[in-house]
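# Summary of the model geometry
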Amino acid sequence: MSWSNEDLDLALTDLRDEDVPGAALAQVRARVLAEVRPARTKWWHWAWVPALAAALVVVAIVPRQQPIMEPPPLLARAPAAQPLSRPVPPIVRRVQPATPRSEETQFARILTDDPNIVILWALNTEGESQ
Amino acid sequence: MRVAPEELPIPMAWQQDDSIAAFEHLMHQHERLVLRTALRMLGRLEDAQDVAQEVFMKLYRHIGNIDAARGVESWLYRTTMNACFDQLRRRRPVEPIEWEPPIAAVQHTDMERDQRRQLVSEALKTLPEKERAAVILREIEGLETAEVAQILGSSEATVRSQVSMGRTRLKRCLEGVRA
């Protein structure tokens, strides 16, 4: 069989209308988008660096406040296990009995020639006189 | 007023709506062109898919540098052809294909269109790379000679010569005469 130019032209024009399988197109699209999506979100992976730097600056600049005491946890706790060593007897301190201190001031009575004048001499507790 | 991305030159559309959705829209518009051209050049669907993926990744990376005046299609043809040439170079060197058309098909005077199309498609694989590229772009895709020359980075005279040589080889191949 001989192929004329017209036959060839017709066959080539027919090839122009030939389509590619839709599944093959979908595969290519899926592969490209799978490549593109992580590339576009990559910068998020490094976003924590400036965020951390900013947080450190804030911590360094802002004056520290008194720590707020947290309330004790309300969870019931089992009593801690007692050690198995010999129990130590409690230390009993002997208290020295306090020396009774006289609160009353003692006076020495000194008589003078004048019966209307009496000298009262105050004596302190240590026995010194004033 | 916001303009629909498909109404804008590609780089402007990209800047206006810099999103995966815009890129997907672009890809959807041009994926047939890329895969079809690669398939005709390479003859294997898996290789053509690899090339199409490579081309669209390049489109994604260089979308801002594409000359809007020339259009994205010209860029896609050129990038697809270059990727196909690279793919063919990476393939292990093989003996030139000695193709013989099926006897029954040739002897049949009233050949069906799809049979004829199949024959030409197979015969295309026997052409040298540059001739095949010129025939595909000029004769099948229907581009102007100047555009083909720009895509292939050669002169219009070279393209005309390649197309002419390619057609002659195709006819010989289809007539069952080995070149």
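Definitions and limits used
Residues numbered from 1 in each chain as written. Chains lettered and ligands numbered in written order. Predicted model: local features only at pLDDT ≥ 70, side-chain atom pairs only at ≥ 80, totals over all residues. Helix = DSSP H or I, 4+ residues; strand = E, 2+ residues; numbered from the N terminus. Buried ≥ 20, exposed ≤ 12 C-beta atoms within 10 Å, placed from the backbone. Contact = placed C-beta atoms within 7 Å. Bend = angle between axes of the 7 residues up to and from the residue. Pairing = 2+ DSSP bridges. pLDDT = per-residue confidence, 0-100. Nonpolar A, V, L, I, M, F, W, Y, C, P; charged D, E, K, R; others polar. Core = buried A, V, L, I, M, F, W, Y, C linked by C-beta atoms within 7 Å. Expected span 1.5 Å × (residues − 1). Arc of directions from axis to C-beta.

## Observations concerning the overall build of chain B
A tally of regular secondary structure across chain B gives nine helices and zero strands. Overall, chain B shows an N-to-C arrangement of helices and strands of α-α-α-α-α-α-α-α-α. Each of the 179 residues in chain B was classed as buried or not, and the buried ones make up 36%. Within chain B, contacts between residues separated by at least 24 positions form 62% of all contacts whose residues are at least 6 apart in sequence.

## Regarding the overall build of chain A
Tallying secondary structure elements over chain A gives three helices and two strands in all. In chain A, the succession of α and β elements from N to C terminus is α-α-α-β-β. The buried share among the 130 residues of chain A stands at 6%.

## Here's the deal with helix H2 (residues 20-42) of chain B
Along H2(B), the largest kink reaches about 50 degrees and is centred on B:His30. B:Gly43 lies just past H2(B) and shows a positive phi near 80 degrees.

## Quick look at the pairing of strand E2 (residues 118-123) of chain A
All names here are of chain A. Within E2, only zero of the six residues are buried, leaving the element largely exposed. Where strand E1 (residues 106-111) meets E2, six bridges bridge the pair, whose relative direction is antiparallel. Paired with Gln106 across the strands is Leu123, a residue of E2. The turn joining E1 and E2, which pair antiparallel and follow one another in sequence, is formed by six residues.

## A look at the confidence of the model for chain B
Residues and elements named next belong to chain B. With 75% of its residues at a pLDDT of at least 70, chain B reaches an overall mean of 80. With pLDDT under 50 throughout, residues 1-9 is counted as low confidence; its partners more than four residues away or in other chains account for nine contacts. Low pLDDT (under 50) marks residues 102-108, which in the prediction has six contacts with non-local residues, meaning those over four places away or in another chain. Reported confidence for the predicted complex is 0.74 by ipTM and 0.60 by pTM.

## Observations concerning the interface of chain A and chain B
Every contact between the two is made by 23 residues of chain A and, on the other side, 31 residues of chain B. Elements that contribute at least two residues to the side of chain A that touches chain B include exactly helix H1 (5-17) and helix H2 (22-45) of chain A. Looking at the side of chain A that touches chain B element by element, the count peaks at twelve residues for H2(A). Here the side of chain A that touches chain B is built from residues that sort into 13 nonpolar, two polar and eight charged.

## So, the nonpolar core
B:Leu35, B:Ala38, B:Ala52 and B:Val120 are the most contacted members of the largest nonpolar core, which totals 50 residues. If you tally residues by element for this core, the top one is H2(B), at nine residues. Residue contacts for B:Leu35: discarding those within four places in its chain leaves A:Val20, A:Ala24, A:Leu25, A:Val28, B:Ala48, B:Gln49 and B:Ala52.

## A closer look at the environment of B:Leu59
Residue placement: B:Leu59 occurs in helix H3 (residues 45-62). The spatial distance from the C-alpha of B:Leu59 to the C-alpha of B:Trp75 is 8.8 Å, given a sequence separation of 16 residues.

## Some thoughts on the confidence of the model for chain A
Mean pLDDT over chain A stands at 75; residues scoring 70 or higher make up 57%. Here H2(A) is the element of chain A with the lowest mean pLDDT, 79, and helix H3 (residues 48-61) of chain A is the one with the highest, 85.

## What to know about the environment of B:His30
Residue and element names in this part refer to chain B. Assignment of secondary structure puts His30 in helix H2. You can call His30 buried: it has 20 C-beta atoms within 10 Å. Along the sequence, His30 and Val72 sit 42 residues apart, while their C-alpha atoms lie 8.9 Å from each other. Setting aside anything within four residues of it in sequence, one finds His30 in contact with Val72, Glu73 and Leu76.

## A closer look at the environment of A:Trp121
Structurally, the position occupied by A:Trp121 is in strand E2. Taking the C-alpha atoms as reference points, A:Trp121 and A:Gln106, separated by 15 residues in sequence, lie 8.2 Å from one another.

## Here's the deal with helix H9 (residues 156-174) of chain B
Every α-helix winds through 3.6 residues per turn, so residues three or four apart in the chain are directed the same way. If you check H9(B), its first and last C-alpha atoms are 27 Å apart, about what 19 residues at 1.5 Å a residue would give, namely 27 Å. Buried residues of H9(B): B:Val159, B:Gln162, B:Gly166, B:Arg167, B:Leu170, B:Cys173 and B:Leu174, and no others. The arc enclosing the buried residues of H9(B), seen along the axis, measures out at 135 degrees, which places them on a common side. If you follow the buried residues of H9(B), they end up packed against H1 of chain A together with helix H6 (113-124), helix H7 (129-140) and helix H8 (145-152) of chain B. Positive backbone phi, at 85 degrees, marks B:Gly176, one or two positions downstream of H9(B).

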